[in-house]
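Structure assessment
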Amino acid sequence: MPSGKEAPSGPLARATSAEIRAEMSRRRISGTRLAAAAGLSQSYMSHRLRDQAPFTLNDIEAICAALDQELCPFLATVLHAMVTAQD
């Protein structure tokens, strides 16, 4: 991949951002607030929530911590959504 280019969001990345958006909605938390709590910039968070680039695993860990959610159950929910969507 050329330097400076971000990989497009694939199915797993899109399912992850969808679950993050769903959790944000359930908790009524804004992207700006979640970004601050996770130690990410608002611009960085917004870009990824719109599926313009994928979250990193470090991002997902920080977001789960900010949402007070366990990582493994969160990822299981994401994977379940992917499998369900494929059916």
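What comes next concerns the included structure. Keep in mind that what you see is a predicted model, and the values were worked out from it rather than measured.

Cut-offs used in this document
- Residues numbered from 1 in each chain as written.
- Predicted model: local features only at pLDDT ≥ 70, side-chain atom pairs only at ≥ 80, totals over all residues.
- Heavy atoms only, no water.
- Buried < 20%, exposed > 50% of the residue type's maximum accessible area, 1.4 Å probe, protein only.
- Helix = DSSP H or I, 4+ residues; strand = E, 2+ residues; numbered from the N terminus.
- Arc of directions from axis to C-beta.
- Contact = heavy atoms within 4.5 Å.

**A word on helix H2 (residues 31–38)**
Listed as buried for H2 are Gly31, Leu34, Ala35 and Ala38. With its buried residues spanning 100° around the axis, H2 presents them on a single face. Facing away from the buried side of H2 by over 90 degrees, the exposed positions are Arg33, Ala36 and Ala37. Looking at the packing, one finds that the buried side of H2 touches helix H1 (11–27), helix H3 (42–49) and helix H4 (57–66). A positive phi of about 75° marks Gly39, the residue just after H2.

No statement about biological role is implied by the geometric values presented.
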